[in-house]
Amino acid sequence: MIVEFARNPLDAVQGVRDGATVMVGGFGDAGQPFELIDALLEGGAGDLTIVNNNAGQGDRGLALLIQKGRVRKVICSFPRQSDSWHFDEAYRAGRIDLELVPQGNLAERIRAAGAGIGGFFTPTGFGTVLAEGKETRIIDGRGYVFEAPLHADIALIKALKADRVGNLVYRKTARNFGPIMAAAARRTVAQVSEIVPTGAIDPEVVVTPGIYVNTIVEVQ
C-alpha cells in the first residue's frame, strides 16, 4: 500500500461523503484529532454516523460537528458529561440518534472488525435494555449477549510520529482507540506531530503498521 501525504487536514479528509460512518480516535481530549475534525466540518459532509468513546465536549471537535447538525447518529460509550450540552440538546430534540455501547464492548466490536471476526459473545449488558433485539445464550451457566463487529468508511486518528511508509507511534494514553480504529476502517487518515524517515522508528515500538494507514498529514 502506498501512503499518501496530504498538504493539510482539509486535503486529508477529501472524499468523505454524506452518510459515511466515521471512527474518531480520542478519549475526551486525549488523542482526539481536532484538526481533522475541523477539516471534516469545513469539507461539508453531513448525515454522518460517528463512532467515538464519547459524544463530544465543550464547543470544539465532535461537539461542534453535532452542534452544526452534521451528525445523524453517535455510537459511543459515554454520551453525557458536564460539558456535553450540544449532544444533550440535539438528542432531547430528536435530531440525533444514539447507540449506547459499554466501553469494553465498543473497543472489542471495533477490534473484531479489524481482525475479521464475525462477532463475539460477552456477559456485559446481558439482562439489560442493551441486550434487546440481540442474540443471547447461556454458556456454562452464565448469560451472554452477541455483539457484532463495528466497521467504518474512514477512521480519523492522531499519532505522535509517522515514517514514510505509514508506521505510527503514539504518545502515552493518546494511543487509546487509534490502533483498533485504523484496522477497522476502509480508509485511515492520521494526523501526526512529526514525519520521520523510514527506519527512524524502531520496528519493535511500531504500534500501527503502515498497512493500515492510507493518508498522513503533519500538524504542528
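Anything mentioned here points back to the structure above.
Keep in mind that what you see is a predicted model, and the values were worked out from it rather than measured.

1. Overview of unusual backbone geometry
Then comes step 1: A positive phi is found at D140, a non-glycine position, where the angle reads about 50°.
Then comes step 2: As for its placement among the helices and strands, D140 is situated in the loop between β7 (136–139) and β8 (142–147).
Then comes step 3: A positive phi is found at K172, a non-glycine position, where the angle reads about 50°.
Then comes step 4: Structurally, K172 is set in the loop between β10 (168–169) and α6 (178–184).

2. Here's the deal with helix α4 (residues 85–92)
One turn of an α-helix holds 3.6 residues; hence residues three or four places apart share an orientation.
Then comes step 1: Inspection of α4 places H86, F87, D88 and A90 among the buried residues, and these make up the whole buried set.
Then comes step 2: Looking at the buried side of α4, the elements it contacts are α3 (62–67) and β5 (97–100).

3. So, the side chain of T215
Then comes step 1: Inspection of the secondary structure puts T215 in strand β12 (residues 215–218).
Then comes step 2: When its relative accessible area of 1% is taken as the criterion, T215 is described as buried.
Then comes step 3: Side chain to side chain, T215 and E4 meet in a polar contact 3.1 Å long.
Then comes step 4: Contacts of T215, omitting those with residues within four sequence positions, involve E4, A6, A12, R187, T188, V189 and A190.

4. A few points about the packing of aromatic side chains
Then comes step 1: Under the defined criterion, the tally for this structure stands at two aromatic pairs.
Then comes step 2: Note on F87 and Y91: the rings are 5.5 Å apart at their centroids and 20° apart in plane angle, and the pair reads as stacked. Of this pair, F87 and Y91 both sit in helix α4, four residues apart, which is roughly one turn of the helix.
Then comes step 3: We classify F87 as buried; its relative accessible area is 2%.

5. Comments concerning helix α5 (residues 103–115)
Then comes step 1: Compared with an ideal rise of 1.5 Å per residue, which puts 13 residues at 18 Å, α5 spans 18 Å between its outermost C-alpha atoms and is within 8% of the ideal.
Then comes step 2: Within α5, burial applies to N105, L106, R109, I110, A112 and A113. Seen along its axis, α5 keeps its buried residues to an arc of 155°; they face one direction.
Then comes step 3: At the exit of α5 stands G116, carrying a positive phi of roughly 75°.

6. Observations regarding the environment of V13
Then comes step 1: Mapped onto the fold, V13 is located in the loop between α1 (9–12) and β2 (21–24).
Then comes step 2: Taking C-alpha positions, V13 is 9.0 Å from I37, a pair spaced 24 residues apart along the chain.
Then comes step 3: Setting aside chain neighbours within four positions, we find V13 in contact with L36, A39, L40, L156 and R187.

7. Observations concerning the pattern of salt bridges
Then comes step 1: Under the definition given, this model contains 10 salt bridges.
Then comes step 2: We note a salt bridge from R72 to D47, for which the minimum N-O separation is 3.3 Å. Of the two residues, R72 sits in strand β4 (residues 71–76) while D47 sits in the loop between α2 (34–43) and β3 (48–51), which places them 25 residues apart along the sequence.
Then comes step 3: R109 is paired through a salt bridge with E99; the nearest N and O atoms lie 2.9 Å apart. Taken together, the positions of R109 in helix α5 and E99 in strand β5 put the pair 10 residues apart, joining distant regions of the chain.
Then comes step 4: What you see here is one network of salt bridges that share partners, running through K73, E99, R109, K134 and E147.

Calculation notes
Residues numbered from 1 in each chain as written. Predicted model: local features only at pLDDT ≥ 70, side-chain atom pairs only at ≥ 80, totals over all residues. Heavy atoms only, no water. Helix = DSSP H or I, 4+ residues; strand = E, 2+ residues; numbered from the N terminus. Buried < 20%, exposed > 50% of the residue type's maximum accessible area, 1.4 Å probe, protein only. Contact = heavy atoms within 4.5 Å. Polar contact = N/O pair within 3.5 Å; in protein donor to acceptor, adjacent residues only side chain to side chain. Phe/Tyr/Trp six-rings, centres within 6.5 Å; stacked < 30°, edge-to-face > 60°. Expected span 1.5 Å × (residues − 1). Arc of directions from axis to C-beta. Salt bridge = Lys/Arg side-chain N within 4 Å of Asp/Glu carboxyl O.

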